[in-house]
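Chain residues, written in single-letter form:
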Amino acid sequence: MTRVQGTRFEHRKKKRMNTVLNVAIGLVVVLIIVFAAQIFLGSSDTEDVALEIDEESEESVEIESESEPAPETDETTEAPEEAPDEDALEEDEDEEGTEEDDLEPAEDGEWEPVGTNQSGDFSHDFTRGGTNWNEMERALRYATGLGEDMITWRLENGGPTSVIGTVSAPDQQTSPYQVRLEWVDGQGWQPVSKEQLSNNPYRRG
């Protein structure tokens, strides 16, 4: 009797152990499936995200390439410069000549200011070849009727706003003209008097 009871007890014990083992095995299988699913699904999600990022960066690159102009290379050929128009050059020369010759001869004492390119407050400037010097010589030619070959013997300060110039023609160096010029603001130098000297105090020999 006791042996029969012991056998039943052992049978029940084995049955319980088998049940526990079966449950444990089932849990392990479920956990393996879950982890495997997470690994595979997680990697596919990561690949999708990486793919989306690549597509976005490609789109941004395309947008930038469309918006930025293509850089110029050394192979780019520039349009050749047009040769200066000879007619235009002649017109410019004519205009420059007209600037010198546009002053009509006037009777002594009836001269007008010769015009000026200077601006600002007046100050004496005797720099040879400068704007003021050239405008003074223009006024002297205007008053004397001498041409471009006029010889300027002397230009000197004649007062706060005046100068005295001594000039002659190349073939009349012994009898130069002495001309007084007055500065008129905004209008330039104006001859006010002219005298022809009987000798040239600035000529040597």
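As recorded by an unreviewed UniProt entry, the protein chain carries the name YrrS family protein and is attributed to Alkalihalophilus sp. As8PL.

1. Examining helix H3 (residues 131-144)
With 14 residues, H3 extends 20 Å between its outermost C-alpha atoms, agreeing within 8% with the 20 Å of an ideal straight helix rising 1.5 Å per residue. With respect to burial, H3 is a largely interior element, twelve of its 14 residues being buried. For H3, the set of buried residues is Asn132, Trp133, Glu135, Met136, Glu137, Arg138, Ala139, Leu140, Arg141, Tyr142, Ala143 and Thr144. After H3 finishes, the residue Gly145 shows a positive phi value of roughly 80°.

2. A few points about the environment of Met150
By the element assignment, Met150 lies in the loop between H3 and strand E1 (151-159). According to the relative accessible area criterion, Met150 is buried, its value standing at 10%. When the C-alpha positions of Met150 and Leu140 are compared, they lie 9.1 Å apart, and in sequence the two are ten residues distant. Ignoring any residue separated from it by four or fewer positions in sequence, one finds Met150 in contact with Glu137, Leu140, Arg141, Thr144, Val167 and Ser168.

3. As for the sheet that holds strand E2 (residues 162-168)
If you walk across this open sheet you meet the four strands as E1-E2-E3-E4, and the pairing is antiparallel. Edge strands, defined here as strands with exactly one partner in the open sheet, are E1 and strand E4 (188-196). Strand-to-strand twist across the sheet, computed as the mean angle between neighbouring axes with direction ignored, equals 25°. Across six bridges, the pairing between E2 and strand E3 (residues 177-184) is antiparallel. Residue pairing for E3: Ser162 is matched across the bridge by Glu182. With respect to the sheet, H3 is in contact with E1, E2, E3 and E4, its orientation differing from that of E4 by roughly 45°.

Calculation notes
- Residues numbered from 1 in each chain as written.
- Predicted model: local features only at pLDDT ≥ 70, side-chain atom pairs only at ≥ 80, totals over all residues.
- Heavy atoms only, no water.
- Helix = DSSP H or I, 4+ residues; strand = E, 2+ residues; numbered from the N terminus.
- Expected span 1.5 Å × (residues − 1).
- Buried < 20%, exposed > 50% of the residue type's maximum accessible area, 1.4 Å probe, protein only.
- Contact = heavy atoms within 4.5 Å.
- Pairing = 2+ DSSP bridges.
- Axes fitted to C-alpha atoms, helices over the stretch in contact; angles between N-to-C directions.

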